[in-house]
Amino acid sequence: DSDNAHANTIIVAHDDGTFAGYGHLTTDGALAEVGQAVGQGEAIALSGMSGPTDTPHLHFQVSPCVEMDTLACRSMPVTFRNTGANPSGLLRGRTYEALPYH
């Protein structure tokens, strides 16, 4: 629901101390429980359009701290296996297709 004040979000803690945030999820779209261990390639939520957005999409970021919406906790560059390497991370305004995990 795009009228929500906040985007439904899941945060995953990684073994290396970083955190991944997945936002604008479908209302009640979490597939993982708080504290549940999840593995690479496992579905954790359903993407949607909650929060301040007018189009369905997934907001994804990796950060060194859990307070992702603060200036002190900047998003880190990431590259997916199905995209070309980019030292600055994914490019704003580009669309990236989610491919099946193998």
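Structure shown above.
Everything quoted here is computed from the prediction, not taken from an experiment. (Residues numbered from 1 in each chain as written. Predicted model: local features only at pLDDT ≥ 70, side-chain atom pairs only at ≥ 80, totals over all residues. Heavy atoms only, no water.)

**Some remarks on the pairing of strand β1 (residues 8–13)**
Link 1 in the chain: Note: β1 against strand β2 (residues 19–30), six bridges, orientation antiparallel. Bridge pairing in β2 links I11 to G21.
Link 2 in the chain: Counting the residues in the hairpin turn of β1 and β2 gives five residues, including G17, whose phi is positive at 95°. (Pairing = 2+ DSSP bridges. Helix = DSSP H or I, 4+ residues; strand = E, 2+ residues; numbered from the N terminus.)

**A look at unusual backbone geometry**
Link 1 in the chain: The backbone of H24 shows a phi angle near 70°, a positive value even though the residue is not glycine.
Link 2 in the chain: Within the secondary structure, H24 sits in strand β2.
Link 3 in the chain: Owing to a relative accessible area of 10%, H24 belongs among the buried residues under this scheme.
Link 4 in the chain: Unusually for a residue other than glycine, D28 sits at a positive phi of about 60°. (Buried < 20%, exposed > 50% of the residue type's maximum accessible area, 1.4 Å probe, protein only.)

**A word on the pairing of β2**
Across a regular strand the side chains alternate sides, sitting on one face of the sheet and then on the other.
Link 1 in the chain: Sheet topology places β2 next to strand β4 (residues 59–63); five bridges connect them, and they run antiparallel. Its bridge partner lying in β4, G21 is registered against Q61.
Link 2 in the chain: Where β2 lies against strand β3 (residues 45–47), two bridges are found, and the strand directions are antiparallel. Bridging from a neighbouring strand, A30 pairs with A45 of β3.

**Some words on the nonpolar core**
Link 1 in the chain: Formed by I10, V12, L25, A32 and I44, the largest nonpolar core amounts to five residues.
Link 2 in the chain: When residues no more than four places from it in sequence are discounted, the contact partners of A32 are V38 and I44. (Core = buried A, V, L, I, M, F, W, Y, C linked by side-chain atoms within 4.5 Å. Contact = heavy atoms within 4.5 Å.)

**Digging into the environment of T18**
Link 1 in the chain: Along the polypeptide, T18 turns up in the loop between β1 and β2.
Link 2 in the chain: Placed 58 residues apart in sequence, T18 and M76 show a C-alpha to C-alpha distance of 9.3 Å.
Link 3 in the chain: Once you skip the residues sitting within four places of it in the chain, T18 turns out to touch V12, A13, V62, S63 and M76.
Link 4 in the chain: A distance of 2.6 Å separates polar atoms of two side chains, one belonging to T18 and the other to D16. (Polar contact = N/O pair within 3.5 Å; in protein donor to acceptor, adjacent residues only side chain to side chain.)

**Here's the deal with the packing of aromatic side chains**
Link 1 in the chain: All chains considered together, the criterion is met by one aromatic pair.
Link 2 in the chain: When the centroid spacing of 5.1 Å and the interplanar angle of 50° are considered together, the rings of Y22 and F60 count as tilted. In this pair, Y22 sits in strand β2 while F60 sits in strand β4, placing the two residues 38 residues apart along the sequence.
Link 3 in the chain: The exposure class assigned to F60 is partly exposed, which follows from its relative accessible area of 24%. (Phe/Tyr/Trp six-rings, centres within 6.5 Å; stacked < 30°, edge-to-face > 60°.)

Purely spatial values, then, with no claim about function.
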